[in-house]
Amino acid sequence: MLQTFKESDQFTLPYAFYRNADVLVEENRKVFARAWQFVGHVSQLQQAGQFITCEVAGEPIIVVRGDDGELRAFYNVCPHRATQLESQEDGKKKILQCTYHGWTFKLNGQLHQAPNFKQSPESFCEGDTCLRGIRVETEASLVFVNLDENAQSLKEANGEFFDDLSQFAFLSRLQKYSSEKRTIKANWKAYIDNYLECDHCAIAHPVFASTFDLKNYLFIDKQNCIIQTASVKPSAKLGDVPLDEVEVQKGRYYWLWPNMIFSVSPGPGNIALTVLTPLDENTTIANYFYYFVNQEPTPEQQENINFVEQLRREDIKLVEKAQIGFRSQAFERGRYSPTEHALRRFHRMIQGALEA
Ligand code: FES
Ligand SMILES: [Fe+2]
């Protein structure tokens, strides 16, 4: 039987939300600047001086392990005259140096040397001459940052996500295998919309549809998170290893508010991650990461990478076509199908955040 919705629940977000620069300004302020954002796995930040850079709400951020073993996060901005401090995505340094006038900073963010000033570092390193810190927390070996000093802790904000993820004993053993950035010609929400419904799966993803049992495809609502789970059809094959011998038997796919996707696929321990960074209202950088328990992918994992890549290509085409329609004056908004409830929840969360 078709569900009946309240009038206001029938319609999607207005398409203006997908093409309006002012909406993105508000999203940066009220959504991205208040949410916990994935940065990396602790294995990438084990030794003193190991760092990762990223962007949150348009802000350049650096996370670095100190000589004292503490993990810290800072705006990746030089206090002298605003220059981006570290431009590599990740690496290891004894000291952080600005390439403009050579100011150097200790791994705890304190000014070390300011060659174009004559004061000694000790007398000079106070107030806004040190790197400006932001919050960084780790759960389940995954490192997140938050620009909001008053935000709930990572565990409080995303507890149900971490509780569910804790069924995977391999998380602490993961290591980064690869990362890649891709430019998507669509608003970041179009990508999440696509991820949060599988009405399109049978039409747009023929290989996915022949591998997974779509009749028993589930969406599970959690705090700040929606989990999708699907069983592999008995007739489908995942490499040469029998399914009951691998670490993950059932795919489990997490959307985490607002812009993160964590996919655990059947096979040896693995997570494929997508973090969406809006470049502007019509363009999104998709940051893709693969983490495996082994250094190199097994043939089954390589097969899975190819499988995920194919899905991504199919989805990117769809969201880029959706963006063409969002910019059109033909319609002001869309309509939810009875099974697009996860999509509806995402849209209500966006509206709630923007109205707050
Ligand atoms: S802007 Fe960084 S040292 Fe001048
Ligand atoms: Fe899809």
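Model, not experiment: these values are computed from the prediction.

Caption draft 1: Quick peek at the coordination of the iron ion (ligand 2). Ligation of the iron ion (ligand 2) by protein atoms is provided by His200 (NE2), His205 (NE2), Asp315 (OD) and Asp315 (OD), these donors lying 2.1 to 2.5 Å from the ion. Note that the iron ion (ligand 2) binds four donor atoms; their angles at the metal cover 56 to 150 degrees, and the shape is irregular. Sequence spacing of the donor residues for the iron ion (ligand 2), all on one chain, is H-x4-H-x109-D. The pair formed by His200 and His205 is uniform in burial state, with each residue classed as buried.

Caption draft 2: Layout of the domain arrangement of the protein. Each assigned domain of the protein is listed here: domain 1 (7–19 + 159–355) and domain 2 (40–146). Computed from C-alpha coordinates alone, the two centres of domain 1 and domain 2 are separated by 32 Å. Across the contact, 15 residues belong to domain 1 and 12 residues belong to domain 2. The contact between domain 1 and domain 2 buries some 1,000 Å² in all, and 64% of this surface belongs to carbon and sulfur atoms. Counting across the domain 1 and domain 2 interface gives one salt bridge.

Caption draft 3: Seen up close, unusual backbone geometry. Here the bond from Trp257 into Pro258 is cis, since omega is -5 degrees, no more than 30 degrees from zero. For Ala82, which is not glycine, the phi dihedral falls at a positive 75 degrees. By the element assignment, Ala82 lies in the loop between strand S4 (71–75) and strand S5 (90–92). With phi around 55 degrees, Asn224 is a residue other than glycine that occupies positive phi space. Counting through the fold element by element, Asn224 comes out in the loop between strand S12 (218–222) and strand S13 (225–230).

Caption draft 4: Highlighting empty space enclosed by the protein. What the rule picks out here adds up to two cavities of 30 Å³ or more. In this structure, the largest cavity encloses a volume near 410 Å³. Lining the largest cavity are 23 residues; nearest its centre among them are Tyr195, Tyr253, Ser263, Leu311 and Asp315. At the level of secondary structure, the elements contributing two or more residues to the lining of the largest cavity comprise helix H4 (188–195), strand S15 (260–264), strand S16 (270–280) and helix H7 (299–326). In terms of residue count, the dominant contributor to the lining of the largest cavity is H7 (five residues). The residue makeup of the lining of the largest cavity, split by class, is 13 nonpolar, seven polar and three charged.

Caption draft 5: Structural view of the side chain of Asn270. Within the fold, Asn270 resides in strand S16. Classification of Asn270 as buried rests on a relative accessible area of 3%. Within the structure, the side chain of Asn270 is placed 2.8 Å from the backbone oxygen of Ser265, a separation counted as a polar contact. At 2.8 Å, the side chain of Asn270 forms a polar contact with the backbone oxygen of Pro268.

Caption draft 6: Representation of the confidence of the model for the protein within the structure. In this model, the protein carries an average pLDDT of 91, and 91% of its residues clear a pLDDT of 70 or more. Here residues 1–5 is a poorly scored stretch, pLDDT under 50, and it has seven contacts once near neighbours within four places are set aside; other chains count.

Caption draft 7: Seen up close, helix H8 (residues 341–355). A rise of 1.5 Å per residue sets the reference length of H8, with its 15 residues, at 21 Å; its end C-alpha atoms lie 21 Å apart and thus fit the reference within 8%. Every buried residue of H8 is accounted for by Ala342, Leu343, Arg344, Phe346, His347, Met349, Ile350, Ala353 and Leu354. Contacts made by the buried residues of H8 are with helix H1 (21–32), H4, S12, S13 and strand S14 (251–256).

Caption draft 8: Layout of the sheet that holds strand S6 (residues 96–97). Sheet architecture is open: three strands sit in the order S6-S7-S8, paired in antiparallel fashion. In this open sheet, the two strands that pair with only one neighbour each are S6 and strand S8 (111–113). In this structure, strand S7 (residues 104–105) lies alongside S8, joined through two bridges in antiparallel fashion. Opposite Phe105, over in S8, you have Leu111 as the bridge partner.

Caption draft 9: Region of the structure containing the packing of H4 against H8. In contact at an axis separation of 9 Å, H4 and H8 are set at 150 degrees when each is read in the N-to-C sense. Put simply, H4 runs roughly antiparallel to H8. Helix-helix and strand crossings are classified by hand; for H4 and H8 the assignment is right-handed. Every residue of H8 that contacts H4 at Trp188, Lys189, Ile192 and Asp193 is listed here: Leu343, Phe346, His347 and Ile350. When grouped by side-chain class, the residues that make up the contact of H4 with H8 number five nonpolar, one polar and two charged.

Basis of the calculations
Residues numbered from 1 in each chain as written. Chains lettered and ligands numbered in written order. Predicted model: local features only at pLDDT ≥ 70, side-chain atom pairs only at ≥ 80, totals over all residues. Heavy atoms only, no water. Donors = N, O, S within 2.8 Å, 3.2 Å for Na, K, Ca; no water. Tetrahedral: all angles 85-135°; square planar, octahedral: opposite > 155°, others 65-115°. Buried < 20%, exposed > 50% of the residue type's maximum accessible area, 1.4 Å probe, protein only. Domains from an automatic or database assignment. Contact = heavy atoms within 4.5 Å. Buried area = accessible area lost by both parts, 1.4 Å probe. Salt bridge = Lys/Arg side-chain N within 4 Å of Asp/Glu carboxyl O. Helix = DSSP H or I, 4+ residues; strand = E, 2+ residues; numbered from the N terminus. 1 Å grid on protein atoms, 1.4 Å probe; cavity = no way out; pocket = protein on both sides within 12 Å on 5 of 7 lines; lining within 4 Å. Points joined across faces, edges and corners; volume = space filled by probe spheres on them. Nonpolar A, V, L, I, M, F, W, Y, C, P; charged D, E, K, R; others polar. Polar contact = N/O pair within 3.5 Å; in protein donor to acceptor, adjacent residues only side chain to side chain. pLDDT = per-residue confidence, 0-100. Expected span 1.5 Å × (residues − 1). Pairing = 2+ DSSP bridges. Axes fitted to C-alpha atoms, helices over the stretch in contact; angles between N-to-C directions. Parallel < 35°, antiparallel > 145°, perpendicular 65-115°, else oblique. Left-handed = near helix turned anticlockwise from the far one by under 90°.

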